[in-house]
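# Structural overview for review
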Amino acid sequence: MTEAPVQRGARLSRSARRAQLLLAARDVFAAQGYHAAAMDDIAERAGVSKPVLYQHFPGKLELYRALLTTYADELVGSVRAAIDTTTDNRERVHAAVTAYFDFVAGEGGAYRLVFESDLRREPEAAAVVDGALSQCIDAVAAVVTEDAGLDDDRARLLAVGLVGLSQVTAQYWLDSEQTVPRDEAISLMSALAWRGLAGFPLIHD
């Protein structure tokens, strides 16, 4: 998703207008948080009137959930794609860690909406975030189960470890002074994760 245009009066298709409004909402929510943001701010950022904004989203909560779902789905898709890029498990680990670093470093601070939302206690918003986390864990667990021959509970526990390591370290790296170059940071965390996972024997040729 790219920068939201701010020119008023442009005629856009409904889908293009919706995408424009989501971009504007991303910028406002990421900067101000859910509770401080106002629909007026989002409409102004998008360069539209409030009635136009309400034609697409009946309220601030519905707009926030739509935005949250968009980026949560993007994260899940990135993790799944990373795992599917290769059958080499060491490369899979590196790709999965990279997916989290890419998401966290993405344009507009979208990761804050997913990982640091001030609306996490709202049940529907929490369900979106928890669902995305669960899908990422499921994707990793499926590979661990297949290749290491572990039962579902143990494979999922390992998957939680890898997903948690990737998320927390990527956030820490972004919020720190980034004295460790990005590629080196990814390699360090991938090596840490791989040295643990490599201890489980590969049961398939």
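Residues numbered from 1 in each chain as written. Predicted model: local features only at pLDDT ≥ 70, side-chain atom pairs only at ≥ 80, totals over all residues. Heavy atoms only, no water.

Looking at an unreviewed UniProt entry, the protein chain carries the name Regulatory protein TetR, with the source organism given as Pseudonocardia dioxanivorans.

## Focus on the overall build of the protein chain
As a reminder of what qualifies: A run of H or I in DSSP counts as a helix once it spans at least four residues, and a run of E counts as a strand once it spans at least two, with each numbered from the N terminus. Categorising residues by exposure relies on relative accessible area from a 1.4 Å probe, with only protein chains included: less than 20% of the type maximum marks a residue as buried, more than 50% marks it as exposed, and the intermediate range marks it as partly exposed. Here, two residues are considered to be in contact whenever any of their heavy atoms come within 4.5 Å of each other. Note on areas: Shrake-Rupley with a 1.4 Å probe; residue coverage comes only from the protein chains shown.
Helices and strands together make up the secondary structure of the protein chain, namely 9 helices and 0 strands. For the protein chain, the α and β elements follow one another from N to C terminus as α-α-α-α-α-α-α-α-α. The buried share of the protein chain, reckoned over its 205 residues, is 45%. Here the contacts in the protein chain between residues at least 6 apart in sequence split such that 66% fall between residues at least 24 apart. For the protein chain, the accessible area works out to roughly 10,700 Å², and carbon and sulfur atoms hold 53% of it.

## Side note on the pattern of salt bridges
Applied cut-off: Here, a salt bridge means any side-chain nitrogen of Lys or Arg that lies within 4 Å of a carboxyl oxygen of Asp or Glu.
According to the stated counting rule, one finds 11 salt bridges in the structure shown. As a salt-bridge pair, aspartate 27 and arginine 45 come within 2.9 Å of each other at their nearest N and O atoms. Taken together, the positions of aspartate 27 in helix α1 (residues 14–32) and arginine 45 in helix α2 (residues 39–46) put the pair 18 residues apart, joining distant regions of the chain. Classification of arginine 45 by relative accessible area gives partly exposed; the value is 26%. Ionic pairing is found between aspartate 183 and arginine 182, a salt bridge with its closest N-O pair at 3.2 Å.

## Brief notes about the UniProt feature "DNA-binding region" (unreviewed entry) in the protein chain
This is how it is decided: UniProt positions are given in the numbering used here, feature names are shortened, and annotations may be inferred rather than shown by experiment.
UniProt's entry tags residues 38–57 with the feature "DNA-binding region" (unreviewed entry), counted in the numbering of this structure. Within the segment residues 38–57, helix and strand shares are 75% and 0% respectively, and the terminal C-alpha atoms sit 13 Å apart.

## Some details on α1
We count it as follows: For a helix, the expected span equals 1.5 Å multiplied by the residue count minus one.
Taking 1.5 Å of rise per residue, the 19 residues of α1 would be expected to cover 27 Å, and the 27 Å separating its terminal C-alpha atoms lies within 8% of that figure. Among the residues of α1, those classed as buried are Arg17, Gln20, Leu21, Leu22, Leu23, Ala24, Ala25, Arg26, Asp27, Val28 and Phe29. Packed against the buried residues of α1 are α2, α3 (50–56), α4 (60–84) and α6 (110–115). Among the residues trailing α1, glycine 33 stands out with phi positive, at a value near 85°.

## Describing the packing of aromatic side chains
Between two aromatic rings, the relevant description is the distance of the centres plus the angle of the planes. The criterion, for reference: Working definition: a ring pair exists when centres of Phe, Tyr or Trp rings (six-membered ring for Trp) sit within 6.5 Å. Plane angles under 30 degrees give stacked, over 60 give edge-to-face, the rest tilted. The criterion is that NZ of a Lys, or CZ of an Arg, lies within 6 Å of the ring centre and within 35 degrees of the ring normal, and then a charge sits over that ring.
Counted under the stated rule, the structure contains 5 aromatic pairs. When the centroid spacing of 4.9 Å and the interplanar angle of 85° are considered together, the rings of phenylalanine 29 and tyrosine 64 count as edge-to-face. One end of the pair, phenylalanine 29, is in helix α1; the other, tyrosine 64, is in helix α4, and 35 residues separate them in sequence. One exposure class covers both phenylalanine 29 and tyrosine 64, and it is buried. Aromatic pair phenylalanine 101 and tryptophan 173: ring centres 5.6 Å apart, planes at 55°, arrangement tilted. In this pair, phenylalanine 101 sits in helix α5 (residues 89–104) while tryptophan 173 sits in helix α8 (residues 152–175), placing the two residues 72 residues apart along the sequence. Judged by relative accessible area, phenylalanine 101 falls into the buried class, the value being 1%. Each residue in the set Phe29, Tyr34 and Tyr64 is aromatic and connected to the rest through ring pairs, giving one cluster. The ring of tyrosine 34 is capped by lysine 60, whose NZ or CZ atom sits 4.4 Å from the centre of that ring.

## With respect to the nonpolar core
Stated precisely, the cut-off is as follows: We call a set of buried Ala, Val, Leu, Ile, Met, Phe, Trp, Tyr and Cys residues a nonpolar core when their side-chain atoms join them within 4.5 Å. Either an automatic procedure or a domain database provided the assignment from which the domain bounds are taken.
Formed by 65 residues in total, the largest nonpolar core has its most connected members in Phe29, Ile42 and Leu63. With 12 residues, α4 is the single largest residue contributor to this core. Structurally, this core is a two-domain feature, drawing no fewer than three residues from each of domain 1 (12–58) and domain 2 (61–197). Among residues more than four places away in sequence, those in contact with leucine 63 are Leu22, Ala25, Phe29, Met39, Ile42, Leu53 and Phe57.

## So, the confidence of the model for the protein chain
Stated formally: Each residue carries a pLDDT score, the predictor's own confidence in it, on a scale running from 0 to 100.
Looking at the protein chain, the pLDDT average stands at 85 and 89% of residues meet or exceed 70. Contacts from residues 1–7, a stretch scored under 50 in pLDDT, to residues over four places away or in other chains number 24 contacts.

## Considerations on the packing of α1 against α4
In helix packing, the relevant descriptors are the interaxial angle and the interaxial distance, both defined with respect to the helix axes. To keep things clear, this is the line we draw: To obtain each axis, a line is fitted to C-alpha atoms, and for helices this fit is confined to the stretch in contact; angles are then taken between N-to-C directions over 0 to 180 degrees. Any angle between 65 and 115 degrees counts as roughly perpendicular, while under 35 counts as roughly parallel, over 145 as roughly antiparallel, and the rest as oblique. Any residue that is not Ala, Val, Leu, Ile, Met, Phe, Trp, Tyr, Cys, Pro, Asp, Glu, Lys or Arg is counted as polar, Gly included; the first ten are nonpolar and the last four charged.
The contact between α1 and α4 brings their axes to 10 Å, and the two run at 95°. Relative to α4, the element α1 lies roughly perpendicular. On the side of α1, the interface is formed by Arg18, Leu22, Leu23, Ala25, Arg26 and Phe29, while α4 contributes Lys60, Leu63, Tyr64, Ala66, Leu67, Thr70 and Tyr71. Broken down by class, the residue content of the contact of α1 with α4 amounts to 9 nonpolar, 1 polar and 3 charged.

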